[in-house]
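# A structural walkthrough
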Amino acid sequence: CIIVDIGGTTCDLSEMKNGYARESHSYISIGDVRTNFKIPFVQPIGLGGGSLVEINHETNEVTISEMSLGYKLTKEGRIFNPEGKITLSCFALQN
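Residues numbered from 1 in each chain as written. Predicted model: local features only at pLDDT ≥ 70, side-chain atom pairs only at ≥ 80, totals over all residues. Heavy atoms only, no water.

### Quick look at the overall build of the protein
Counting its secondary structure elements, the protein contains 2 helices and 8 strands. Counting from the amino terminus, the protein carries its helices and strands in the arrangement β-β-β-β-β-β-β-β-α-α. In terms of overall size, the protein is more extended than a compact globule, its C-alpha atoms giving a radius of gyration of 18 Å where 95 residues would be expected to give roughly 12 Å. C-alpha extents for the protein along the principal axes are approximately 50 × 35 × 20 Å. Within the protein, the fraction of its 95 residues that count as buried is 19%. The contacts of the protein with a sequence gap of at least 6 include a subset with a gap of at least 24, amounting to 40%. Just so you have it, the protein exposes about 7,400 Å², and 54% of that area is on carbon and sulfur atoms. Positive and negative side-chain charges in the protein, numbering 8 and 11 respectively, have mean positions lying 7 Å apart. (Helix = DSSP H or I, 4+ residues; strand = E, 2+ residues; numbered from the N terminus. Rg over C-alpha atoms; globule rule 2.2 N^0.38 Å. Buried < 20%, exposed > 50% of the residue type's maximum accessible area, 1.4 Å probe, protein only. Contact = heavy atoms within 4.5 Å. Areas by Shrake-Rupley, 256 points an atom, 1.4 Å probe, with all protein chains shown as cover. Lys, Arg positive; Asp, Glu negative; His and termini not counted. Charge placed at Lys NZ, Arg CZ, Asp CG, Glu CD.)

Just geometry here; none of it tells us what the structure is for.
Spelled out as structure tokens, the structure:
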């Protein structure tokens, strides 16, 4: 089972096996202290609700940009502003 947490600028992915999250096997540092806590493995990717979508109406090609509106989504995104930019959030609310 894959768990996806979609935020405004990124998605965080993790995997569940036998009811438990897959563990990260890397060390982390808190301050200058190296630790080995059992924490879930999380893979972030640069795709979120504020990710800009470009539509070529001549070819019907849709491209998801590496750019994101981030915190500007509520002012510049089309779901809040009819003249705004198209983002992935527009598609989520469409249905």
